[in-house]
Structure formats: structure tokens, C-alpha cells
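Listed below are the residues making up each chain.
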Amino acid sequence: MRKREEERVLNDRSEHAFLRLAITGMTCANCSGRIERVLGRKAGIYRANVNLASKRGLFEYDPTQITPEAIIAHIEKTGFGAILDDKAHQAVLQSAEAKATEKMRWELIISAILSAPMLLGMIAMMLGSEASWVHFVHLPWVQLLLTTPIQLGIGARFYRAGWASLRAKAPSMDLLVAMGTTSAYLYSFYNGFLGGDPTHLYFESSAVIITLILLGKYFEERAKNRTGEAIRSLMSLQAQTALRIDPSQTGQYYIEVPIDAVVEGDLLLVHPGKSIPVDGVVISGHSTVDESMLTGESLPVDKGEEDLLYSGTLNQSGALVMKALKREEESTLSKIIALVNEAQGSKAPIQQLADQISAIFVPAVILIALVTLLISRIVLGEWGDAIMHSVAVLVIACPCALGLATPTAIMVGTGVGARQGILIKNGEALERVAKCRTIVLDKTGTITAGTPEVKHFALNPDVFDPNLGASTDAGEKILKILVALESHSEHPLAKAIVSYGDQEVTRQQEAGQSAAGSNSDSLPIVENFQALVGAGLTGIIEGDTYFVGSPRLMAARNIDLTPLAPLIEQHESQGETVVLMSREDQLMALVAIADPVKESSAGAIAHLKARGIKVLMLTGDNQRTAEKIACEVGLNRDEIRAELKPEDKAAIISELQQSGERVAMVGDGMNDAPALALADIGIAMGTGTDIAMESSDVTIMNGDLSSLPKMITLSEGTMRKIRQNLFWAFIYNVIGIPFAALGFLSPILAGGAMAFSSVSVLLNSLSLNRLNLDRFRAHTPKKLKD
């Protein structure tokens, strides 16, 4: 069983609980790693996962051993703040983050104003200026007055965080900055006031380094906020109020209520231009609804009576009266937001290397800085230059870029996917998508539209007079029995048969051939209903046992198919699915059902093949129907497997994996559950059903195969950005540290380079927003080869 399945089993244990926290005060990868290591050692905490980019943490714990309050207290002792990351605390979180950003902005402004005279004076002196103001700003007491508020006031954040990291035995970047700037400050104080050489002052180095680091952190914070735009844009779609209709009042009187007050069954009025407040169904009215936030499709969808509505989608042209089917917190939009939040807070396996390096990076840099100090003192013969070389090493060796390389790319990548209706559950799934070279497709609802229609209904001529047909009392009775049985099933074919039955009753009533009343009002009672997985169903009506299913099911029960064999042959040769019904061992009726192929399926499959991806189609349908569909979409006979049960699909997935292939399975998330769970990547197609979103690694909200190439392009693009980020983060330190140690970088240049290294990683990740996911052209499918 794969690691993903083991985690699911682990998560199902009743003693496990999950705590999501927003964490403040983190500045680098060592910060998030420190929290993970410290909390991971506490009794009752099974797992701690902290994301630097999203500033969020997920903690899996045993509530009988430790409480959420205790977990928050442990985080605070480690030197950080923690707030519950839930809807009730959203306002507090936003206020705290806004205040922190505003405070950083003012500290940056003050620090820049105080350090600017010293920086300008240093530049002027290097250019040979003899101006009086240049000599003035180089006076020891002037530089001390300008530097001290920066070093001991604004820079106090580095001392606090550095001391907390030492107590937690996980030294951080803040410790490096504190050590470097303090060394320059104290050495300058000694030279200026305690008998040293007053011409060797480095106050401006400590002041400008802190200013540059604050500038980089401020830009970094703003860039981080941009990485979370997907979540904020989704949350902005949530309606804050709803117009609830009071049916007891005449004229459909309505009142405006908070969205939290809406409960299942409430009647709501939605005006044009307003968002759908909760998931529901149209009771009256007609309009077009923009569902692009759900499916990624720009064209609006017509909505009329009995059509489903989804929260967050936009009503465009007409007023609608709807009935709420779910509360706001249970709506599709809320689930999408939760899913994207989870994905953006997750880690990809590729990040493990960066985490391991960050854990040992700071102690190694401190050791290198000490060695640089001693060697430089011996070689150069004086402490001033030696201290500056070691300070440059301490300052340039910030692991921030290393810690941001992976999570920022994942945040942006999953956000881009969400805007396209591609919901990726976590960073691990995003990474595995790019590695899958075999994609297995279910047929119904994946390659085909999933909205099958009954094309023909016929009775066994040996049982019923063929001259009477389905409009007779006998034909109507057997149709009702069939509909009664299928109404207990959720299978798409069953829904098609039930819909056909309702249409037939309506037609007969209009023709005056049937008694009044709907089909559902007069259906016989079904007892002992049982779904025969992958084969059909059975049930007892008025003491008789009925079976409904494929010809394979009937043949397995030794039922004579001869009377309807010509029809079976005819419809299967046309690519239609044949469903048979029997009473005990007597064949009763045939239903031929057609499920049209989606327009985009052939082009998407051709594109996948052009990328060198192996494509297979698995279906429980008969061989002839499978071949007919395969011909339409460009698959060969050796690329289809027909007449399969769910366990057969899972077995094929297992065989492919045992041969060394990484396999993605695309299905509807319900009857394909075994195969979806077993595949390296489970991809659910559909309109975001609860089962699909919970059981799969990826959910394609619009149910369109053309989203598969987009998903692969997104995965490959995100992994490419992660590799670029990691490469430059590694190279930056590999080159920068030796240059600083050898004296080729001043502390100020080192501080500037360090500050903007993180910003460059963030900007590179944000460039994913410009990734073109539609980089494929339509292909003409090849005909099925003999």
C-alpha cells in the first residue's frame, strides 16, 4: 500500500485530531523547521507541518494527551505567535497581519532615514569629497546617535528571534543577522570611544545591513501576499448576506439575513448581478449563471427550474428563487477554499532536501564565520578587516531563499489550478502529476458526457405480444418495475432509465393512454434491493426477484438471450450500452442507452499521446461499445479494456505499477474508487461532488478531459520553478559565502544581496501566474486499427 493510503489509514484513527494555526514571526526556513522539530518532540503530537510561505501550520495530535491551548503555548515559548486558523478568527488574523506589515513599513522608513546620511557620506568619501557634511557624518558620536535606534530599537526583532532560536536549539537566520550587525556595532563603538582606531568605524555597515534586510522582508511580505491571491479571490466570492423568502407572507416577502443564518430548505431570492449564496436548486425563474470560478469555463450556463446552483457563482440575467440544499460552511465553495488552503499549506517531497539543509545550515555558517575571522586576522594582521569579512559571511548566508523555493511555487501553482477548476489536494500530488507517464481513463462520465439517454426500449417477444408494444398495460407495467428498481441506484445509466420512464408516463398521459398521476406516484415497492457491483442490481417486487444489468450478468445466470439477441447485436454494434431485465430466469426487456462522447475528448487524448503519455481506457461496458467509443477518440484495440468490474480496474492499475509505470487514474470518484485509491494519482472528474473531492488527489471541476493537459502543464511548470528556485538558492550561497570570506563582498553588499535573494525566488514563483495552460492544439484522431 502506498504512503498516501497509509496516511489515510492513520488519519482515520479516532484518537487523532487536527489543529490549523496561523503563525506569526517566522522569517526563514529555520523558523518553520524549528517549530516542526520542537513541536514534533512533544508528547501527543504525531505530526507538525509548518509552511513558511503561507504562515500556516497543521498539527496532528492526540486530544487525550495535549490540548490546542498547550500546542499554542509551546509555539509561543519557541518565540512565535499562533492564532486559530478558522472562520471565527479571520478578522483577527487579517488585522494582525495588516498591523505587522504596517509596523514593518514604518520601521523601514525610519531605518532608511537614519542610515541614509551615513551611506551617502561613505559614498561621498569613496569619491574623494572633502565637504564639511561628509566629515560631520563620520564623527563617532554622530554615527552612534544615528545607528543606535536602528541597532537596538528596530533591530531588536533579530535579538528576540535569535535568542528564542538558541533556546530551542535551532539557530536561525535572525541569529546570523544579530551576530553580524552586533559585531560591527561593538567594534565601531570600541574604536570610536574606548581607545581603538577612530578611523575604522563600521556603524554604517550595521545600520545599512538592517535597513536592507528590512527592505527585503517588506518586499517579501508583499510578494507572499500575492501568492495567496487565489484564496482571497475565492473568499471574496462568498456572499455575506442572503435574501430569505418568508412563504407565510403574500407577494413572496423577503428579508436580508446573514449568510450563516441560512439553513437547508430555506427559500432564497437571488437578484441579477448577485452571487449565489449557498448550494441549492432553482424553484422558479430563468437566468444565466457564470460558473467560471467552479469550472474555469468562461461561457455562462443557462439555469431553469430544478437546475442546481453552486455558492459563489454569479447570477447574470434574471431573478431566481432557489431552495437551499446546504448551509454555507458545507457548500461547494467552502469545500474548494478548504481544499486549496490545505494544498497551499502542504509540502512537496522535493522540499525535504531543502529542509534537511536548512536544519544544519546556520550552525555551519557560524563555524565558517569564526574560521574566516581567525584566518583573516592572521593573514591581514588586524581585527577590523577580519571582523568585516566574518560579518559579510554571516549576513550573506541567509537560508530564506532556500526555505521559500518550494512552498511559494506550490502556493501559486495550486492557486492557478483552482482558477482553472483544477483542484490539487497537496504539494505531493502536484509533484507526482508530472511524473505519471500512463493515464488510465474510465469511459462513462470521463471520455463520454456522462449524461446517457435511452434510445430504445423493447420487450421480450416470447413473453409479451410484439404487436402491443410498450404503450400497452403490460408494457407500462414492466417499465414501471424497471424504473422502480433503477430509482434505487445512483449509476448514470440508472438515472437515464428513470428519466425515460418519467417522460414515457408524461407522453402517455398527454395522449390519453394512461391514468393520471406521475410515474413516481405509482411505482411498485422494491424489497431487498442490492447493487451488484460492476454488473447491475437486483430486488424483489410482489414476491418476484428481478435482475437488471449487462448481457454478461444475464449470461452468468444462464438466462436465454436468444429472443433479443438481434437487438443486442444491433445496438452494441452502434456503440450503445445494452441493459437487460429478467424476472427470475425469464428475460423480460431490453434498454439501449447511448452516452455521447465529449467534444474535447479526442483532442485531449491526442495531445496526451503526443507528449509521450500512454493512454488506456477501462470500462465495464461491452467490448463492441468500448471499441466504438475508442474509434471516435483515437484509441487502438490494445489501448482498451472492456467488461471490467471495479476490482478488475484496480488489478490492471496494480499490474501497470508492478511493471514500473507511474499511473494516473481518471474516473468519477464513486464506482472507480478502488482504482482511484490505488493509482499514483487519482483524478476525479465531475462537478465537485463531496465524494470526488474527498477521495481523489485532483478534482477536475468541469469534468472535461481538456483539463488533463492543462493539469500536466501546470505540474511541469511548477516543478520547473521549484527546481530553478532551489538551484539559484544553492548557487547563491555556494558562490556568495566564499566571496564574502575572501573579502570580495562588503557587509553592505552582502546584506543587499541576501535581502533580494528571497524576493527573486518569490518573483520567479509568481511568474507561474503567466503560465499558458492552453499550449496544445486540437488533433485529428486516428481511426481504430484492425
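All values reported here derive from a predicted model rather than from experimental measurement.

### A closer look at the packing of helix α6 (residues 140-154) against helix α8 (residues 173-193)
Here is step 1 of the chain: Here α6 crosses α8 at 155°, and the two axes come no closer than 11 Å. Here α6 is positioned roughly antiparallel relative to α8, judged by the angle of their axes. The chirality of how α6 crosses α8 is left-handed. Where α6 abuts α8, its residues Pro140, Trp141, Leu144, Thr147, Thr148, Gln151 and Leu152 lie against Thr181, Thr182, Tyr185, Phe189, Gly192 and Phe193.
Here is step 2 of the chain: Its residues placed into classes, the contact of α6 with α8 shows 7 nonpolar, 6 polar and no charged.

### Focus on the nonpolar core
Here is step 1 of the chain: Membership of the largest hydrophobic core comes to 74 residues, with the highest contact counts inside it found for Phe59, Ile71 and Ile75.
Here is step 2 of the chain: Non-local contacts of isoleucine 75, meaning those with residues more than four positions away in its chain, are made with Leu21, Ile23, Ile35, Leu39, Phe59, Phe80, Gly81 and Ala82.
Here is step 3 of the chain: Formed by 48 residues, the second largest nonpolar core is a distinct cluster that contains Ile154, Tyr218, Val391 and Leu394.

### What about the sheet that holds strand β20 (residues 577-583)?
Here is step 1 of the chain: Reading across from one edge, β16-β21-β20-β19-β18-β17 is the order of the 6 strands in this open sheet, with antiparallel pairing throughout. Two strands in the sheet have a free side with no partner beyond their single neighbour: β16 (453-459) and β17 (527-532). Averaged over all adjacent pairs, the angle separating strand axes in this sheet is 15°, with direction ignored.
Here is step 2 of the chain: The pairing of β20 with strand β21 (residues 586-594) spans 7 bridges and is classified as antiparallel. By the bridge assignment for β21, threonine 577 is matched with isoleucine 593.

### A word on the pattern of salt bridges
Here is step 1 of the chain: Throughout the structure, instances matching the rule amount to 18 salt bridges.
Here is step 2 of the chain: A salt bridge links glutamate 107 to arginine 157; the nearest nitrogen and oxygen atoms lie 2.7 Å apart. Of the two residues, glutamate 107 sits in helix α4 (residues 90-126) while arginine 157 sits in helix α7 (residues 156-167), which places them 50 residues apart along the sequence.
Here is step 3 of the chain: When its relative accessible area of 24% is taken as the criterion, arginine 157 is described as partly exposed.
Here is step 4 of the chain: Here lysine 609 ties to glutamate 639 by a salt bridge, and the two come within 2.8 Å at their closest N and O atoms. Residue lysine 609 is located in helix α22 (residues 601-610), and its partner glutamate 639 is located in the loop between α23 (623-633) and β23 (640-641); the two are separated by 30 residues in the primary sequence.
Here is step 5 of the chain: Within the structure, one salt-bridge network assembled from shared partners comprises Glu428, Arg432 and Asp697.

### Looking at the UniProt feature "transmembrane region" (unreviewed entry) in the protein
Here is step 1 of the chain: The UniProt entry lists residues 108-127, 133-154, 175-194, 200-219, 357-380, 386-405, 725-742 and 748-768 under the feature "transmembrane region" (unreviewed entry), expressed in the numbering used here.
Here is step 2 of the chain: Structurally, residues 133-154 comprises 91% helix and 0% strand, and the distance from its first C-alpha atom to its last is 26 Å.
Here is step 3 of the chain: Span residues 725-742 is 94% helix and 0% strand, its end C-alpha atoms 26 Å apart.

### Considerations on unusual backbone geometry
Here is step 1 of the chain: Residue glutamate 306 is not a glycine yet carries a positive backbone phi of 75°.
Here is step 2 of the chain: In this structure, glutamate 306 sits in the loop between β10 (301-303) and β11 (308-309).
Here is step 3 of the chain: For glutamate 306, a relative accessible area of 68% translates into the label exposed.
Here is step 4 of the chain: Despite not being glycine, asparagine 558 has its phi angle at roughly 60°, a positive value.
Here is step 5 of the chain: Counting through the fold element by element, asparagine 558 comes out in the loop between α20 (551-556) and α21 (565-573).

### Some points on the side chain of glutamine 151
Here is step 1 of the chain: As for its position among the elements, glutamine 151 is in helix α6.
Here is step 2 of the chain: Separated by 3.1 Å, the side chains of glutamine 151 and threonine 181 make a polar contact.
Here is step 3 of the chain: Excluding residues within four positions of it along the chain, glutamine 151 makes contact with Ala156, Tyr159, Thr181, Thr182, Tyr185, Ser206 and Ile210.

### Overview of the environment of isoleucine 700
Here is step 1 of the chain: Checked against the element boundaries, isoleucine 700 lands in strand β26 (residues 698-700).
Here is step 2 of the chain: Residue classification places isoleucine 700 among the buried residues on the basis of a relative accessible area of 0%.
Here is step 3 of the chain: The sequence separation of isoleucine 700 and methionine 685 amounts to 15 residues, and the corresponding C-alpha distance is 5.0 Å.

### Observations concerning the packing of aromatic side chains
Given two aromatic rings, one states the distance between the centres and the angle between the planes to describe the pair.
Here is step 1 of the chain: Throughout the structure, instances matching the rule amount to 6 aromatic pairs.
Here is step 2 of the chain: Ring centres 6.2 Å apart and planes at 50° place the aromatic pair phenylalanine 457 and tyrosine 500 in the tilted group. Of this pair, phenylalanine 457 sits in strand β16 while tyrosine 500 is found in helix α19 (residues 492-510), placing the two residues 43 residues apart along the sequence. The pair phenylalanine 457 / tyrosine 500 is uniform in exposure class, with both members buried.

### A few points about α8
Here is step 1 of the chain: Compared with an ideal rise of 1.5 Å per residue, which puts 21 residues at 30 Å, α8 spans 30 Å between its outermost C-alpha atoms and is within 8% of the ideal.
Here is step 2 of the chain: One or two positions beyond α8, positive phi appears at glycine 195, with a value near 100°.

### What to know about the pairing of strand β24 (residues 663-667)
Here is step 1 of the chain: The buried fraction of β24 is high, at 5 of 5 residues.
Here is step 2 of the chain: Neither face of β24 is left uncovered, since the one carrying Val663, Met665 and Gly667 and the one carrying Ala664 and Val666 both have all their residues buried.
Here is step 3 of the chain: Looking at chain direction, strand β15 (residues 438-442) and β24 are connected through 4 bridges and run parallel. When the sheet's bridge partners are listed, valine 440 is paired in β24 with methionine 665.
Here is step 4 of the chain: Strand direction decides the pairing type here: β24 and strand β25 (residues 681-685), joined by 4 bridges, are parallel. Within β25, the position partnered with glycine 667 by the bridge is alanine 684.

### Describing the packing of α22 against helix α27 (residues 707-741)
Here is step 1 of the chain: Closest axis-to-axis distance for the α22/α27 pair is 8 Å, and the angle between their directions is 35°. When α22 is examined against α27, the residues Ala604, His607 and Leu608 are found in contact with a partner set consisting of Leu708, Pro709 and Ile712.
Here is step 2 of the chain: The class makeup of the residues in the contact of α22 with α27 is 5 nonpolar, 1 polar and no charged.

### Description of the confidence of the model for the protein
Here is step 1 of the chain: Mean pLDDT over the protein works out to 80, with 83% of the residues at or above the 70 mark.
Here is step 2 of the chain: With pLDDT under 50 throughout, residues 465-471 is counted as low confidence; its partners more than four residues away or in other chains account for 9 contacts.
Here is step 3 of the chain: A low-confidence stretch, residues 777-786 stays under pLDDT 50, and its non-local contacts, those more than four residues away or across chains, total 20 contacts.

Analysis parameters
- Residues numbered from 1 in each chain as written.
- Predicted model: local features only at pLDDT ≥ 70, side-chain atom pairs only at ≥ 80, totals over all residues.
- Heavy atoms only, no water.
- Axes fitted to C-alpha atoms, helices over the stretch in contact; angles between N-to-C directions.
- Helix = DSSP H or I, 4+ residues; strand = E, 2+ residues; numbered from the N terminus.
- Parallel < 35°, antiparallel > 145°, perpendicular 65-115°, else oblique.
- Left-handed = near helix turned anticlockwise from the far one by under 90°.
- Contact = heavy atoms within 4.5 Å.
- Nonpolar A, V, L, I, M, F, W, Y, C, P; charged D, E, K, R; others polar.
- Core = buried A, V, L, I, M, F, W, Y, C linked by side-chain atoms within 4.5 Å.
- Buried < 20%, exposed > 50% of the residue type's maximum accessible area, 1.4 Å probe, protein only.
- Pairing = 2+ DSSP bridges.
- Salt bridge = Lys/Arg side-chain N within 4 Å of Asp/Glu carboxyl O.
- UniProt positions renumbered as here; feature names shortened; annotations may be inferred.
- Polar contact = N/O pair within 3.5 Å; in protein donor to acceptor, adjacent residues only side chain to side chain.
- Phe/Tyr/Trp six-rings, centres within 6.5 Å; stacked < 30°, edge-to-face > 60°.
- Expected span 1.5 Å × (residues − 1).
- pLDDT = per-residue confidence, 0-100.

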